[in-house]
Amino acid sequence: MAPVLELRNITKQFPGVLANDHINLRLEEGEILALLGENGAGKSTLMNILYGLYEPDEGEVFIRGEQVAIEGPADAIRQGIGMVHQHFMLIPVLTVTENVMLGDETVSTPIRILKRDKVAARIRELSEQHGLHVDPDARVQSLSVGVRQRVEIIKVLYRHANILILDEPTAVLTPQEADELFDILRSLRQQGVSIIFISHKLREVLELADRVMVIRRGKVVGETKTEEADQAQLAEMMVGRQVALTVAKGPAQVGEPVLEVKDLYVMDDRLQMTVDGVSLTVHAGEVLGVAGVQGNGQTEFVEALTGLRQVRAGKVSIDGEDITNASPRKLVEAGVAHIPEDRQADGLVLRFPVADNFVINTYYKPPFAKGWRVNRAAIDEQAERLIRDFDIRTPSAYVPVSNLSGGNQQKVIVAREFSRPIRLLVANQPTRGLDVGSIEYIHQQLINKRDAGVAVLLVSAELDEIMGLSDRIAVMFHGKITAVVDANEVSKEQVGLMMAGSSLEEALKQAPARSDAPIEAIL
Amino acid sequence: MTATTVNTHTDSTAALKKERRRAIAFGVFFLIVAAAILVLFIFNTDSQMVSTLKLNPTTRNKPIHVPDLVLPTQLTLIVLMIITGAIGAYQLGRGFKNAATALGVVFLLFIAAFLVWATRNKAINLLGILSFTVAAATPIAFAGLSGVMCERSGVINIAIEGQMLVGAMIAVLVASVTGSQWFGLGAAIISGAVLGAVLAVLAIRFIVDQIIAGVAINIFGLGITSFISQRYMQPNPELNTGGVFPRIAIPFLSKIPVIGPIFFNQNAIVYILFLTVLVMHFMLWYTQWGLRTQAVGEHPRAADTLGINVFRIRYINVIIGGMIASIGGAYLTIGSVGRFDENITAGKGFIGLAAMIFGQWTPLGTYGASLIFGFSDALQAKLQILGKVQVPIPSEWLLILPYLITIIVLAGVVGRTVPPAADGQPYIKE
């Protein structure tokens with residue numbers, strides 16, 4: 001029997017990038033196929049071609065053995081293809097019913113009056129049938145992210161799609177919501193829906209999919225049944241070389257204290273004291289990991305350290321010099337590097353070229369400035385060098401940094417911060433949203449800086465990341481540092497308990513102690 | 001998981017606080033208005049005074065006679081003050097859901113107080129004022145509806161002023177030549193469609209900045225109409241005598257006391273406006289076209305992924321928007337004075353945009369806002385009749401009021417004037 005969907009020789013060239021290079025893909029009836037690949041590998045491009053959003057330069061699409069032309073989303077929908085986009089395609093001010101019916105409205109002639117009731121009834125029917133609990137009359141803006149995704153799925157089912165594409169569906173979900181989504185997808189598979197699932201997370205691919213296709217730099221590099229695959233093997237296929245799932249690091253060569261924070265109080269935007277008397281010290285040559293569930297004051301803490309938020313009380317010093325409430329420029333000159341939590345909002349000027357983003361905090365000093373003039377030659381030369389040294393994938397140094405993938409944007413920030421002598425590195429969620437290869441790279445860079453004698457303050461909500469990189473761990477809970485422990489003496493479970501508010505003694509008692517086996521993957 | 005929950009919580013609390021502050025600012029403002037009624041008006045009256053408001057038309061088409069409204073001046077003012085104060089207190093305490101409407105009501109209360117005070121021991125024809133209000137609101141409302149039409153689909157139409165001007169001139173020219181106002185109106189609508197299409201092509205096809213494209217069309221409109229007016233219409237007065245649409249008293253409806261003479265003894269263009277408001281209201285909220293228009297104005301990419309032709313909808317809406325604007329222009333000539341003068345619109349296109357914002361991008365709201373603007377216009381014209389003793393301020397000052405209200409609304413005190421999310425953003429297909 002012919003497969004439900006077959007793509008043959010799909011090729012798509014973007015300026016500077018061959019996004020899809022003669023890709024072939026087969027999707028069987030009632031299976032979940034995972035498309036695995038790093039950010040920028042070409043997975044989304046392929047699916048956007050299938051959905052009619054991009055036009056391929058070459059290649060054919062077959063549905064149940066018959067060749068079809070897909071020139072726009074309307075054609076794709078007609079062929080029974082439905083897509084749930086990474087960024088939801090919902091209109092917040094409209095109701096669920098209106099969003100679902102949009103483009104395929106049930107109307108009465110002659111002036112096409114909407115029959116909302118009919119559609120709402122159909123939505124209730126679909127929700128019941130597939131366990132998608134959604135109120136048709138709710139406005140989308142009032143729904144949580146998980147429910148919005150269910151609305152997207154209903155939109156697809158409402159159009160009688162039997163090929164469902166999901167583009168990075170778990171990126172925005174909480175773990176519980178992701179589990180619910182997987183249940184829904186399994187039940188859809190059982191009812192004969194064929195699913196293509198795009199992801200770069202190995203664990204969920206292995207958990208959910210029947211078959212995996214790995215794409216790297218626009219080419220299919222491997223295909224396997226999930227039962228025959230394991231994480232290390234998939235990671236290697238995805239990145240193209242062996243990937244260290246754990247970070248190799250030697251013991252820390254701890255030096256003098258660099259960052260000293262004493263009784264720090266910081267308020268958030270609502271004037272709540274979110275950092276409530278924090279004291280800690282980071283020494284040269286060590287990584288201090290601040291573990292904590294998000295929203296426990298870490299953001300404000302880091303902002304205070306990097307000059308972005310006013311310190312209400314307390315003292316911050318670097319190498320003994322008081323830098324409390326110093327301006328960001330003064331901090332940069334004192335040797336503080338910052339990898340911000342939100343790289344697009346706080347780390348980059350998205351519309352500026354890559355080269356200019358490299359000098360955004362040093363442009364006023366020689367060699368980038370000659371008196372009051374900009375020294376273009378020096379900036380260009382540095383850009384070439386950093387792009388080469390940090391292996392940043394960009395068509396050139398002069399494209400807007402917004403054109404780069406997330407991982408490469410993060411590399412631009414890292415390259416900029418590491419291109420000058422630094423004493424302290426403050427990294428807040430440095431690998432959020434990045435793919436395996438980029439994560440590995442950033443982690444290695446952090447450890448390299450540590451070994452070069454830089455004091456590293458790592459803030460992360462990913463417990464694996466904290467466990468894998470830190471020499472010491474400070475647990476932050478409700479604005480306070482509740483414990484500072486040696487990373488080699490606690491288990492992941494114990495830190496987890498402390499993050500949830502347990503005291504050190506309770507945590508040590510209640511959770512299993514650390515075994516000597518190496519810590520599980522960061523993935 | 002906690003991350004998102006906590007953040008959303010923070011954001012919404014912060015937003016709520018901001019909203020609350022706005023609500024309080026509004027409540028205080030309403031109380032100030034109540035105090036103003038006390039200080040400005042009540043203190044200047046005594047309990048013997050009466051204000052007479054006539055409610056019967058002076059025209060021949062008489063509905064059932066209603067007695068004049070004879071109000072004890074001071075008592076009426078006190079009542080108006082108390083209502084205003086109560087609205088202010090409620091706003092301070094619990095807060096109205098729709099502060100813009102509350103603001104409109106308070107504005108009307110203040111104007112009513114002013115009117116009662118200004119007519120102390122005198123009589124004024126309230127019906128005349130209200131009837132004139134509907135007339136004065138008509139061009140503003142067409143402009144506002146044109147704005148709703150375009151901006152709901154995501155294209156800002158700042159060119160309304162220019163579209164109205166050209167429409168006004170074409171209407172009178174064609175009406176003069178053919179002797180028929182209907183031909184004049186039809187020609188004006190075609191000119192509006194053409195200028196709408198120009199804006200649409202610039203904004204949608206060539207992705208010119210919509211504000212700049214609109215301003216260019218306005219300058220073009222002012223230039224071409226001034227040129228034609230000076231060069232051809234002034235030497236040939238016969239080209240500038242288009243006549244005026246006659247008043248048509250609608251049978252039955254025009255006999256309703258008070259309402260009848262105000263709304264149903266107007267000319268054809270005013271009735272076209274009523275129809276446009278109702279049809280747009282219905283179309284926008286109850287039909288496929290309405291849903292798609294909203295979708296395209298809010299999130300064009302989402303609409304595109306569902307197979308909706310974003311460009312087509314925007315073209316259609318912007319062209320219809322131009323047509324609606326030009327009807328408003330035609331009203332200024334063949335709907336009221338019968339001749340064209342340079343810059344006859346005098347900013348009405350922009351006032352229409354303010355009415356659109358005040359009306360929160362809805363047809364009914366826009367018309368309501370237009371009536372408020374029209375009312376101050378009418379008041380200003382009629383109060384001159386009462387003379388300086390009664391109203392010891394230049395009546396032009398009253399004209400400031402609607403703009404003052406607009407500024408308050410636009411400055412975001414209301415907080416809830418949310419334009420369509422993709423308003424003014426060109427859609428670029430990948």
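Reading guide: rules and limits
- Every chain's residues receive numbers from 1 upward, in the order its sequence appears when written.
- Think of it this way: whatever chain is written first is A, whatever ligand is written first is 1, and the rest follow in order.
- In view of the model being predicted, local features appear only for residues whose pLDDT reaches at least 70, and side-chain atom pairs are presented and counted only at 80 or more, with totals across whole chains, interfaces and linings using the full set of residues.
- Based on all heavy atoms of the structure, the side-chain values leave hydrogens and waters out of the count.
- Following DSSP output, two strands are said to pair if at least two bridges run between them.
- Secondary structure elements follow DSSP: runs of H or I no shorter than four residues count as helices, runs of E no shorter than two count as strands, and numbering proceeds from the N terminus.
- A fitted line through C-alpha atoms represents every axis, and for helices the fit uses only the stretch in contact; the resulting angles, taken between N-to-C directions, go from 0 to 180 degrees.
- For every residue, the accessible area obtained with a 1.4 Å probe (protein chains only) is divided by the maximum for its type, and the residue is called buried under 20%, exposed over 50%, and partly exposed between those limits.
- The patches described consist of residues with a relative accessible area above 30% and no salt bridge, like charges being joined within 9 Å and nonpolar side chains (Val, Leu, Ile, Met, Phe, Trp, Tyr) within 5 Å.
- Using a 1.4 Å probe, accessible areas were evaluated by the Shrake-Rupley method; residue-level cover was limited to the displayed protein chains.
- Salt bridges are defined by distance alone: a side-chain nitrogen of Lys or Arg within 4 Å of a carboxyl oxygen of Asp or Glu.
- What counts as a domain boundary in this text is fixed by an automatic or database domain assignment.
- The set of buried Ala, Val, Leu, Ile, Met, Phe, Trp, Tyr and Cys residues whose side-chain atoms join them within 4.5 Å is what this entry labels a nonpolar core.
- Throughout, a contact is declared for two residues whenever any of their heavy atoms are within 4.5 Å.

Draft legend 1. Region of interest: the sheet that holds strand β2 (residues 17-27) of chain A. Residues and elements named next belong to chain A. On the basis of which strands lie adjacent, the open sheet formed by four strands has the order β2-β1-β4-β5 and antiparallel pairing. This sheet does not close on itself; its edge strands, each paired only once, are β2 and β5 (66-68). In this sheet, neighbouring strand axes are inclined to one another by 30° on average, regardless of whether the strands run parallel or antiparallel. By the bridge criterion, five bridges tie strand β1 (residues 5-14) to strand β4 (residues 58-63) in an arrangement that is antiparallel. Bridging from a neighbouring strand, Leu 7 pairs with Val 61 of β4.

Draft legend 2. Broad picture of unusual backbone geometry. Residue and element names in this part refer to chain A. Cis rather than trans, the peptide bond between Thr 109 and Pro 110 has omega equal to 0°. Take Pro 110: it is sitting in the loop between β7 (107-108) and β8 (113-114). Non-glycine residue Glu 168 carries a positive phi angle of around 45°. Classification of Glu 168 by relative accessible area gives buried; the value is 8%.

Draft legend 3. Local environment of a nonpolar patch on the surface. Together, Ile 211, Ile 212, Val 215 and Ile 219 of chain B make up an exposed nonpolar region whose accessible area comes to about 360 Å². Mapped onto the elements of the fold, Ile 212 of chain B is located in helix α7 (residues 210-233).

Draft legend 4. Representation of the domain arrangement of chain A. For chain A, the assigned domains read domain 1 (5-239), domain 2 (244-335 + 421-523) and domain 3 (351-420). Computed from C-alpha atoms alone, the centre-to-centre distance between domain 1 of chain A and domain 3 of chain A is 36 Å.

Draft legend 5. Region of the structure containing the nonpolar core. All names here are of chain A. Ranked by internal contacts, the top residues of the largest apolar core, which has 65 residues, are Val 96, Leu 164, Leu 185 and Leu 188. For this core, the element with the highest residue contribution is helix α5 (residues 145-158), accounting for seven residues. The residues touching Val 96, leaving out its near neighbours within four places in the chain, are Ile 123, Val 134, Asp 135, Pro 136, Ala 138, Val 140, Leu 143 and Val 151. With 53 residues, the next largest nonpolar core counts Ala 383, Phe 390, Leu 434 and Val 495 among its residues.

Draft legend 6. Structural detail: the domain arrangement of chain B. With domains assigned, chain B is organised as domain 1 (11-121) and domain 2 (133-413). Placing the centre of domain 1 of chain B and that of domain 2 of chain B at their C-alpha centroids yields a distance of 28 Å.

Draft legend 7. Here's a closer look at the environment of Pro 136 of chain A. Residues and elements named next belong to chain A. Position of Pro 136 relative to the elements: it lies in the loop between α4 (116-130) and α5. We classify Pro 136 as buried; its relative accessible area is 2%. With 133 residues separating them along the chain, Pro 136 and Asp 269 place their C-alpha atoms 35 Å apart. With residues up to four places along the chain from it excluded, the contact list for Pro 136 reads Thr 95, Val 96, Thr 97, Ala 120, Ile 123 and Arg 124.

Draft legend 8. Local environment of the pattern of salt bridges. Residues and elements named next belong to chain A. Scanning all chains against the criterion turns up 31 salt bridges over all chains. Here Lys 43 makes a salt bridge to Glu 168, at a shortest N to O gap of 3.3 Å. Remark: Glu 168 occurs in the loop between β9 (163-167) and α6 (175-190) and Lys 43 occurs in helix α1 (residues 43-50); sequence separation between them is 125 residues. Across the pair, Glu 168 and Lys 43 agree in class, each one buried. Connected through salt bridges with shared partners, the residues Lys 249, Arg 450, Asp 451 and Asp 471 form a single ionic network.

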